[in-house]
Amino acid sequence: MYTIGILGVGDLTEKTVIGLRKGGYEGEILVSPRNAERAERLAQEFRCKVMDCNQSVVDHSEILLLGVRPTSAAELATQVRLKPGQRLLSLVAGFGSDKLAALFPEAQCVRVMLSGAAQYNATTVVIYPSDTLAQQCLGVLGNLVVLDDEPSFELATVAACMNGWFYFLLHDLQQWLSDKGLPEAQARALVLGNVQDCVASAKQQNEQSLSTLGQTIATPGTFTADGLAVLRHQPLAANWGAACEVVLDALLTRASISK
Ligand SMILES: NC(=O)c1ccc[n+]([C@@H]2O[C@H](COP(=O)([O-])OP(=O)(O)OC[C@H]3O[C@@H](n4cnc5c(N)ncnc54)[C@H](OP(=O)(O)O)[C@@H]3O)[C@@H](O)[C@H]2O)c1
């Protein structure tokens, strides 16, 4: 069994470690010492070992998970020397393969995008490029999506931001129900339940487009169709598109600055 090393013990890597353990990963997990309280918690509750420095994490691991913020990656790179061909699975958003290769020339770098649902083994795990070991290691965290090129990975990063935005959309819908008198817990259960119904049905009917599936519900004369007619005249879809463009622009601009 391979040993996994965590460089940067933060919010996302903590959830990743929890998901790995819940998913049945029994091998060693070594964590970097910075953010000592969190590292110690992972040691106590999820059988991790806190190492005395980043280099010692590198020296004793086969697979490394890079979980620092983009602004900290260069500093971290000065503190370590990886083994030739060592896997470096980078969670750092907007940090392209060219930048990773420049900072960690010895490593075999793989970009990864996932969400906090990793701790429930229910995240989308996006991987670029395809890598058997990375897929084997992170597959327990949820559903794997392996991409063929880097522009697709940047689009997947925009999709990962959608995950964050959905909370606000769902909040607004819950709030509307609550304002009309429904207890908050019931409003929440109804909104989440209906999203879940939609996702479950769509996943079972992959051959149908999402708009076709919607049309089969919003048939003429239905309440759903009445509401849809209003939605189609509101700028909501335009706002979502604009938000996606802003994020994609930022990702591509940062990528081109690095060249
Ligand atoms: N959070 C998410 O939902 C999410 C989703 C997708 C992608 N990501 C990506 O995941 C990465 C981590 O995000 P996060 O939200 O988990 O950030 P975070 O909570 O700030 O975690 C980063 C951790 O790295 C530590 N660190 C910084 N420099 C270090 C160094 N040289 N050596 C060892 N540790 C170091 C930080 O310590 P200090 O606090 O002391 O600096 C902090 O504990 C980011 O690059 C982000 O783009 C996050």
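Computed from a predicted structure; not experimentally measured. Residue numbers run consecutively from 1 along every chain, following the written order of its sequence. Confidence filtering applies because this is a predicted model: local features only for residues at pLDDT of at least 70, side-chain atom pairs given and counted only at 80 or more, and all residues used for totals across whole chains, interfaces and linings. Side-chain calculation: all heavy atoms of the structure are included, whereas hydrogens and water are not.

**Focus on the site of the ligand**
Near, as used in this document, describes a residue that has one of its heavy atoms within 4 Å of the molecule or strand being considered. With respect to spatial proximity, 22 residues lie near the ligand, and among them Val 9, Leu 12, Asn 35, Val 68 and Arg 69 are the closest. Polar contacts, as used here, are pairs of N or O atoms within 3.5 Å; protein pairs need one atom able to donate a hydrogen and one able to accept it. Residues neighboring in sequence count only if both atoms are side-chain atoms. Here Val 68 contributes a backbone N or O atom positioned 2.6 Å from an oxygen atom of the ligand. Between Arg 69 and the ligand, the recorded distance is 2.8 Å, taken from a side-chain N or O atom to an oxygen atom. Accessible surface area values rest on a Shrake-Rupley calculation with a 1.4 Å probe, where residue burial reflects the displayed protein chains alone. Starting from 890 Å² of accessible surface for the ligand in isolation, the protein chains cover 76%. Strands are runs of DSSP state E lasting at least 2 residues, helices are runs of H or I lasting at least 4, and numbering of each runs from the N terminus. Mapped onto the shell around the ligand, the elements with two or more residues apiece are α1 (11-22) and α4 (70-79). Broken down by element, the shell around the ligand gets its largest block of residues, five residues, from α4. Amino acids are sorted into nonpolar (Ala, Val, Leu, Ile, Met, Phe, Trp, Tyr, Cys and Pro), charged (Asp, Glu, Lys and Arg) and polar (every other residue, Gly among them). Residue composition of the shell around the ligand, grouped by class: 10 nonpolar, eight polar and four charged.

**Here's the deal with helix α8 (residues 184-204)**
For a helix, the expected span equals 1.5 Å multiplied by the number of residues minus one. For α8, spanning 21 residues, the distance from its first C-alpha to its last is 30 Å, which sits close to the expected 30 Å at 1.5 Å a residue. Three or more residues of α8 are buried, namely Ala 187, Val 191 and Ala 202. Down the axis of α8, the buried side of the element spans an arc of 30 degrees, and every buried residue falls inside it. In α8, the exposed positions that point more than 90 degrees away from the buried face belong to Ala 185, Ala 189, Gln 196, Lys 203 and Gln 204. Residue contacts are counted whenever heavy atoms from the two residues lie within 4.5 Å of one another. The secondary structure elements touched by the buried residues of α8 are α7 (150-179) and α9 (210-217). Relative accessibility under 20% of the residue-type maximum defines a buried residue, over 50% an exposed one, and the middle range a partly exposed one, all with a 1.4 Å probe and only protein chains included. Taking the helix axis as origin, the arc is that swept by the directions to the C-beta atoms.

**Focus: the packing of aromatic side chains**
Here a ring pair, both rings aromatic, is described through the centre-centre distance and the interplanar angle of the planes. Ring pairs are drawn from Phe, Tyr and Trp, using the six-membered ring of Trp, whenever the two centres fall within 6.5 Å, and their geometry is named by plane angle: stacked under 30 degrees, edge-to-face over 60, tilted for the rest. A complete count under the given rule lists one aromatic pair for this structure. Taking 5.8 Å as the distance between ring centres and 20 degrees as the angle between the ring planes, the aromatic pair formed by Tyr 2 and Tyr 25 counts as stacked. In this pair, Tyr 2 is assigned in the segment before β1 (4-7) and Tyr 25 in the loop between α1 and β2 (29-31), connecting sequence segments 23 residues apart. By the burial criterion, Tyr 2 is buried, and Tyr 25 matches it.

**Focus: the nonpolar core**
To form a nonpolar core, buried Ala, Val, Leu, Ile, Met, Phe, Trp, Tyr and Cys residues must be joined to one another through side-chain atoms within 4.5 Å. With 28 residues, the main nonpolar core has Ile 6, Ile 29, Val 31, Leu 89, Val 112 and Leu 138 as its most contacted residues. At the level of secondary structure, the elements contributing two or more residues to this core comprise β1, α1, β2, α2 (36-46), β4 (63-66), β6 (108-113), β7 (123-128) and α6 (132-138). The residues touching Ile 29, leaving out its near neighbours within four places in the chain, are Ile 4, Ile 6, Val 17, Leu 20, Arg 21, Arg 47, Cys 48 and Lys 49. Counting 20 residues, the second-largest nonpolar core is a separate cluster that includes Leu 66, Ala 73, Val 92 and Ala 107.

**Examining the domain arrangement of the chain**
Split by domain assignment, the chain resolves into domain 1 (4-147) and domain 2 (155-255). The start and end points of each domain follow an automatic or database-based domain assignment. Taking only C-alpha atoms, the centre of domain 1 and the centre of domain 2 are 31 Å apart. Counting residues at the interface gives nine residues for domain 1 and eight residues for domain 2. Computed with a 1.4 Å rolling probe, the buried area is the accessible surface lost when two parts are put together, summed over both parts. Across the domain 1/domain 2 interface, buried area totals approximately 550 Å², and carbon plus sulfur atoms make up 60% of it. Whenever Lys or Arg places a side-chain nitrogen within 4 Å of a carboxyl oxygen from Asp or Glu, that contact is recorded as a salt bridge. Run the count over domain 1 and domain 2 and you get zero salt bridges. Inspection of the domain 1/domain 2 interface yields zero residue pairs in polar contact (both at pLDDT 80 or more).

**Looking at the side chain of Arg 21**
Position of Arg 21 among the secondary structure elements: in helix α1. Despite being buried, Arg 21 has no salt bridge partner; Glu 26 is the closest side chain of opposite charge, sitting 5.3 Å away. Side-chain polar atoms of Arg 21 contact the backbone oxygen of Phe 46, separated by 2.9 Å. When near neighbours in sequence (up to four residues on either side) are disregarded, Arg 21 contacts Glu 26, Gly 27, Ile 29, Phe 46 and Arg 47. Asp and Glu count as negative and Lys and Arg as positive, but His and the ends of the chain are not part of the count.

**Let's talk about unusual backbone geometry**
Cis geometry is found at the peptide bond from Tyr 128 to Pro 129, where omega equals -10 degrees. Tracing the backbone through its elements, the reader meets Pro 129 in the loop between β7 and α6. Look at Asn 35: it is not a glycine, yet its phi comes out positive at around 70 degrees. Checked against the element boundaries, Asn 35 lands in the loop between β2 and α2. The backbone of Arg 47 sits at a positive phi, close to 50 degrees, despite the residue not being glycine. Checked against the element boundaries, Arg 47 lands in the loop between α2 and β3 (48-50). In this structure Arg 47 comes out as partly exposed when scored by relative accessible area, which is 48%.

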